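# Inside the fold
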Amino acid sequence: MPSKNYSTLEGLSNNAIKSLFLDSRGLLWIGTENGVSLLQSGKISNFYESDGLAFNSCWAINEDQNGNIWFGSYGGGISKFDGSKFIPIGIPKGLSDGRIRHFFPYKNKIFIGTENGLSIIDIDTHQVIGIQESTSDNTQSYISGFFLHKNYLYYGTYGIGVYRLNPDEEYPKIEKISDHKLIYAMAKMENVVFASNKGFLDVFSTPEQLIAGEGKKSIGQSVIWDTAQDKHRNTYLAAWGIFTQDGGIFRLKDGKIEDLSEGFDISSKEILALAYDSIDHELYVGTQDKGLYEIQLEPGIGYEQFGGKEVLGFAFVEGKKIILHHRGLTFFDNKGNIEKELEKDIFKKSSSEYVGKNRHNLPLHEDDFFEMDFDIQASQIVFYDLQLQGKHLWVNSNIGIYQLDLEGNILIYIPVHSYEIGFTPDGKLIETNPYGGVRIYEDPAKMEYRYYSPSDQNTPVQVSKIIQNGDKTYFSSVFKGIYHYDKNEFLSYLASSIWKEEKFKQIHFSSSGQLVIASEFDEVFIADSYPEFKIKEIIPKEKLVGKNVLFLESYADNIFIGTEKGLNVYRNGIIRFFDEEQGLHKKLFKTAKVNGNHLFIGTYEGYYQLDLPNLLREYLPQLDLKVSEIRVNQQKMDKEEFSWFAYQSNSLELAHNQNTVMLGFLVTGHQFPNKLQYRYRLTPNEEWSASQSENTIVLPYLKAGVFPIEVEVYDLHSGKSAIYPLLRLQIHPPFYLEIWFLLLTFIVLSCFVYWLIRLRIQRTRKEATLKQRLAETKLQALISQMNPHFIFNAINSIQYFVLKNDTDSAIRFLGGFSKLMRTTLDNSTKSFIRLSEEIQYLKSYMDIENERIGNRITCQITFDQSINPESVEVPPMLFQPLVENVFVHAFDSKHPNPTLHVHFQMAGDNLLSAEITDNGRGILDGNQKQFHESKGMKLVRERISLIYFGEGDPVQVDSQKDNGTRIRLLFPFKQTN
């Protein structure tokens, strides 16, 4: 049965599990030796003393009538979770012991079984209620379990018997009713009482038999610590022998105990706790050493280890099952028992006997038979496929083709090596050679056949699959498309222009009579074959989960598409997907076959058997979406921090400066939460976001407004989607945009010499705007002068690749150039951009220029740690002309290790320094003046002069012959938030 193991690797707080409890909301609480874990929708959260637990070691969990969850620790007393926080109660006055074993909730009380007797606590006041001890025996011992029967509460102990009391009494009196000793655990299922003894389980048909001390039945061989019963009345037992390795997970059925550890794939022998989920029909198993197991009790998927054999093919006939595997053939009778096994040596013997008698009359590679070595050992035999034709089995291998009867007797051996065999509509054997044509055998035993040469364009070559249906046999080829055989002739769809597709891996006839074909590139086509071939539907590869189609099968209207990721099920335009979450843990699929209502899938280590009606049944879970976390401006939501905070279950109001919001949401009610994908929209009129598997929504820099956020959940398991409202989010505008503030401002300004202040403000703004506009206009003009220079060089680079006939590089270079052009055009209209954008622009420019010269130059851009490139704004494209000079002038073709380094650092308040350094030839003495008067340098100097008002020269050049050049620029920057 499919199982999933949660350990500390998956986030569990500790692998030693002492208690499990599934609460009324469907949440699984896990008590461990070191903290409490919560499993919800496949995700684990952990809680410790720092979160409010009284003590980390948790041995008991239960829920009271108010929905509060109670936690009993072993040594630190009690904790309570009220739905929002943990309340540590500790060891209240009157509690018999701080080591808690069991809880039993009853009305407004919790009965507490401790290591040293019984206590009762009021769930509201947390006060311990007194108990009247029995005068006959007041010896204390740990309590091993409770059950309710006929208005009495019974509890067992380890060593001093069984007791009962009236739970409705204010101060109940304890009464001993049995001397049954050594009870490790006690429970009642329906009317049957289980009492775990040392090394076996005592079963009483009724509580009255327990009271009378008669009629018990002792079964098993280990110590039972917990029990659970499913909806089919199967009773599961958690066992740990303490000092012996006889524990595990067991099922009590018909008075006998059945070990399910192997079937559930549970290796632990130390199992202490169980919990059953009746909605999803899952059993949770808590172990002492290996964490938590989640078992699907009715999954529709079962796995047979099959001795680790690699399963290659299935055949089903007369209620029997025959499996071809890498070691041979296994025959099962109609009850599933192994009837016969044929090992490799049997096949080798048949081949050797034939070769010994026909040594001089064997097929030769020169006669267009595929290569074969008749001298290989039995251990080297490789089987390919198993096919059923009529009442006979056919097996092809690397030492020949075999015909067998249904009892496993070899009838015919054909000394031919063929990867793919098939049959004509009238049952004749078809043998294919990847390169040497096709043979159709009239009499396989006598090697009588008709040969079809590969020189005929209609003869199938490089065949990947053969299927037969009706009066035609179809062939898929990895390079030559589709063929069919009809009326003693082959027909190539490619050569006949019926279908131009060339590369195929799989072909299958669906149960509805249509051809299903998987291409080499994993598109799946559905076609009608009668009265003429016609493509009816295409399943694009983007819809499939997985990239490689490993098999095709069908059942009713469902098409099964096996990939390396799992099983895709296609029906009426909808794809459902199954993988390890539903039980397909081993996904290296080899073969598949539908038999009746079951799909068998062979793997490298065994095979799956899928119950198709169960697997394909309609699955419409009632999902519930709730906001689980809110972060505003990267900070977790806290009421005291936000003046506009008014968060309820479905609404949230925030101020204008609280407009970057992260919402985490929890989805409950789905058995397979990893099959869910999400997308959201802020308003009904907006487009949906891209689909994602993470259940978080990040909304940066929201404008003021109201956003009724909706989430669409797409379920890969069911293939259906639904829309759910998540949260009504409102961002208030800043106060100065509120109507009341605008009105008040207008009145105040009207009263205080409005015309004079207004005139002064307008004059000031007009002068400032005029100065700013003059500077911006000149900057834009300078930038626009630089663009043609850059474009000219870039076009030269593209021309260089074109002249070299390097089409790939030209296309790649052109793509990078077009992207850079867009960035250049965008930046040319801006006075300032973020330093990170300028760095990215320079990197893109360097990559393009460097690629033009074969990536000879080692380029590097760095900045001091004191600089945050996201919050610093600089003039755009200020450094590009200087970097361009390095590429054009700094290095000759013989330079051994050309390098270019651009470094940004702080140079004072609101002042940055950029150093552009190379190790090239330097600027010759005669060229110094020419360099300073060059167009690129003049543009840089003029741009900086418009914004730099400091002392000294903002552009410094230091160059030495054959020792490189360093240019240092000083310029102001803008600091942003």
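This text goes with the structure placed above it.
The rules we used
In this numbering scheme, every chain counts its residues from 1 along its sequence in written order. Per-residue local features of the predicted model are confined to residues with pLDDT of at least 70, and side-chain atom pairs are confined, for both listing and counting, to 80 or more; whole-chain, interface and lining totals are unaffected and use all residues. The basis for the side-chain values is all heavy atoms of the structure; hydrogens and waters are excluded. Secondary structure elements follow DSSP: runs of H or I of four or more residues count as helices, runs of E of two or more count as strands, with numbering from the N terminus. Polar contacts, as counted here, are pairs of nitrogen or oxygen atoms within 3.5 Å of one another; within protein the pair requires one atom able to donate a hydrogen and one able to accept it, and residues that are adjacent in sequence qualify only if both atoms are side-chain atoms. The contact criterion used throughout is that any non-hydrogen atoms of two residues lie within 4.5 Å. Whether a set of points on the 1 Å grid over the protein atoms alone is a cavity depends on a 1.4 Å probe fitting there but being unable to get out, while an open set qualifies as a pocket with protein on both sides within 12 Å along at least five of seven lines; lining residues are those with an atom within 4 Å of a point. Grid points are joined across faces, edges and corners, and a volume is the space filled by probe spheres set on the points. Residue polarity is assigned by list, with Asp, Glu, Lys and Arg as charged and Ala, Val, Leu, Ile, Met, Phe, Trp, Tyr, Cys and Pro as nonpolar; anything else, Gly included, falls into the polar class. Two strands pair if DSSP finds at least two bridges between them. For helices, the fitted axis covers only the stretch in contact; all axes are lines through C-alpha atoms, and the angles between them, taken along N-to-C directions, range from 0 to 180 degrees. Helix span is expected to be 1.5 Å times the residue number reduced by one. Accessible area is worked out with a 1.4 Å probe on protein chains only. A residue is then buried under 20% of its type maximum, exposed over 50%, and partly exposed in between. Taken from the helix axis, the directions to the C-beta atoms give the arc we talk about. Note that the term roughly parallel is reserved for angles under 35 degrees, roughly antiparallel for angles over 145, roughly perpendicular for angles of 65 to 115, and oblique for everything else. By convention, the crossing between two helices is left-handed when the near helix turns anticlockwise from the far helix through less than a right angle, and right-handed when the turn is clockwise. By convention a nonpolar core is built from buried Ala, Val, Leu, Ile, Met, Phe, Trp, Tyr and Cys residues, the set being connected through side-chain atoms within 4.5 Å. Stacked, tilted and edge-to-face are the three classes assigned to paired rings of Phe, Tyr and Trp, where Trp is represented by its six-membered ring and a pair needs centres within 6.5 Å; plane angles under 30 degrees give stacked, over 60 edge-to-face, the rest tilted. Geometrically, a charge over a ring is one whose NZ (Lys) or CZ (Arg) sits within 6 Å of the ring centre while staying within 35 degrees of the ring normal.

## A closer look at the side chain of Ser-418
Tracing the backbone shows Ser-418 in the loop between β37 (410–414) and β38 (421–423). Among the polar contacts made by the side chain of Ser-418, one reaches the main-chain carbonyl oxygen of Thr-432 at a distance of 2.8 Å. The contacts of Ser-418, once residues within four sequence positions are left out, are Tyr-384, Asn-396, Ser-397, Ile-401, Glu-431 and Thr-432.

## Here we look at empty space enclosed by the protein
One pass over the structure, following the stated rule, counts 5 cavities of 30 Å³ or more. Quantified by volume, the second largest cavity comes out at close to 40 Å³. Considering the residues around the second largest cavity, the lining is formed by Leu-201, Ile-219, Gly-220, Gln-221, Ser-222, Ile-224, Ala-239, Phe-250 and Ile-257. Taken together, the residues of the lining of the second largest cavity break down into 6 nonpolar, 3 polar and no charged.

## Some thoughts on the environment of Lys-391
Within the secondary structure, Lys-391 is located in the loop between β34 (383–389) and β35 (392–397). Between the C-alpha atoms of Lys-391 and Glu-873, which are 482 residues apart in sequence, the distance is 82 Å. Discounting residues that sit within four places of it in the chain, Lys-391 has contacts with Glu-318, Leu-404, Asp-405 and Leu-406. At 2.8 Å, the side chain of Lys-391 and the side chain of Glu-318 are in polar contact.

## Focus on the sheet that holds strand β7 (residues 69–73)
Taken in spatial order, the 4 strands line up as β6-β7-β8-β9 in an open sheet, and their pairing is antiparallel. Strands at the two margins of the open sheet, each flanked by one partner only, are β6 (58–63) and β9 (86–90). Going from strand to strand, the sheet's axes swing by 20° on average, the running direction of each strand aside. Here β6 runs beside β7; their pairing, made up of 5 bridges, is antiparallel. When the sheet's bridge partners are listed, Cys-58 is paired in β7 with Ser-73.

## A short note on helix α6 (residues 807–827)
Given a rise of 1.5 Å per residue, 21 residues ought to cover 30 Å, and the 30 Å separating the end C-alpha atoms of α6 matches this to within 8%. Along α6, the residues that are buried comprise Ser-809, Ala-810, Phe-813, Phe-817, Leu-820, Met-821, Thr-824 and Asn-827. What you see down the axis of α6 is that its buried residues fit within an arc of 125°, all on one side. Set apart from the buried face of α6 by more than 90 degrees, the exposed residues are Asp-808, Ile-811, Lys-819, Arg-822 and Leu-825.

## Considering the packing of α6 against helix α7 (residues 835–852)
Put simply, α6 and α7 touch, their axes get as near as 10 Å, and they point 150° apart. Our classification of the angle between α6 and α7 gives roughly antiparallel. Helix-helix and strand crossings are classified by hand; for α6 and α7 the assignment is left-handed. Side by side, α6 and α7 meet where Ser-809, Arg-812, Phe-813, Gly-816, Phe-817, Leu-820, Thr-823, Thr-824 and Asn-827 of the first sit next to Tyr-841, Ser-844, Tyr-845, Ile-848, Glu-851 and Arg-852 of the second.

## Regarding the sheet that holds strand β42 (residues 463–469)
Strands sit in the order β42-β43-β44-β45 across an open sheet of 4 strands; the sheet is antiparallel. Only two strands of the sheet have a single neighbouring strand rather than two, namely β42 and β45 (489–492). With direction set aside, neighbouring strand axes in the sheet form an average angle of 20°. Where strand β44 (residues 481–486) lies against β45, 4 bridges are found, and the strand directions are antiparallel. Note on β45: the bridge partner recorded for Asp-486 is Glu-489.

## As for the nonpolar core
By size, the foremost hydrophobic cluster in this structure holds 42 residues, and its most contacted members are Phe-879, Val-883, Leu-900, Phe-904, Leu-969 and Phe-971. In terms of residue count, α7 provides more of this core than any other element does, 7 residues in total. Ignoring sequence-local partners within four residues, the contact set of Phe-904 consists of Leu-835, Ile-839, Leu-842, Ile-861, Thr-862, Phe-863, Asp-864, Ile-867, Phe-879, Ser-913 and Ala-914. If you look at the next biggest cluster of nonpolar residues, it comprises 36 residues, including Phe-369, Ile-399, Ile-421 and Tyr-441.

## Notes on unusual backbone geometry
Residues Tyr-530 and Pro-531 are joined by a peptide bond in cis, for which omega reads -5°. The residue Pro-531 is located in the loop between β48 (524–528) and β49 (534–539) in this model. Although it is not a glycine, Asn-488 sits at a positive phi angle of roughly 65°. Take Asn-488: its relative accessible area is 41%, and that puts it in the partly exposed class. Here the phi dihedral of Asp-522 falls at roughly 70°; this positive angle occurs in a residue that is not glycine.

## A look at the packing of aromatic side chains
Applying the stated criterion across every chain yields a total of 48 aromatic pairs. In textbook terms, an aromatic cluster arises when at least three aromatic residues are bridged by ring pairs, as seen for Phe-306, Phe-314, Phe-316, Phe-332, Phe-600 and Tyr-607. Cation over ring: Arg-164 sits above Tyr-152, and NZ or CZ is 4.4 Å from the ring centre. The ring of Phe-306 has Lys-309 sitting right over it, with the charged end atom 4.7 Å from the ring centre.

## Here's the deal with the side chain of Ser-554
Within the secondary structure, Ser-554 sits in strand β50 (residues 549–555). Judged by its relative accessible area of 7%, Ser-554 falls in the buried class. Among the polar contacts made by the side chain of Ser-554, one reaches the side chain of His-508 at a distance of 2.8 Å. A distance of 2.9 Å separates the side chain of Ser-554 from the backbone nitrogen of Ser-511, its partner in a polar contact. Sequence-distant contacts of Ser-554, defined by excluding residues within four places in its chain, comprise His-508, Phe-509, Ser-510, Ser-511, Ile-559, Phe-560 and Val-594.

## Digging into α7
Taking 1.5 Å as the rise per residue, α7 with 18 residues should run 26 Å; its terminal C-alpha atoms sit 26 Å apart, in good agreement. Of the residues making up α7, those classed as buried are Leu-835, Ser-836, Glu-838, Ile-839, Tyr-841, Leu-842, Tyr-845, Met-846, Ile-848, Glu-849, Asn-850 and Glu-851. Within two residues after α7, Gly-854 carries a phi angle of roughly 80°, on the positive side.

## Regarding the environment of Asp-826
By the secondary structure assignment, Asp-826 is in helix α6. By relative accessible area, which is 46% here, Asp-826 ends up partly exposed. Measuring from C-alpha to C-alpha, the distance between Asp-826 and Val-478 comes to 49 Å, with 348 residues separating the pair along the chain.

## Structural notes on the pairing of strand β55 (residues 598–603)
Where burial is concerned, most of β55 is hidden: 5 out of the 6 residues are buried. Relative to β55, strand β54 (residues 589–595) is paired through 6 bridges, and the arrangement is antiparallel. In the sheet register, Phe-589 faces β55, and the bridge partner there is Thr-603. With antiparallel pairing between neighbouring strands as the criterion, β54 and β55 make up a hairpin whose turn holds 2 residues, including Gly-596 at a positive phi of roughly 65°. Where β55 and strand β56 (residues 607–611) come together, 5 bridges link them in antiparallel fashion. Considered in β56, the bridge of His-598 is made with Asp-611.

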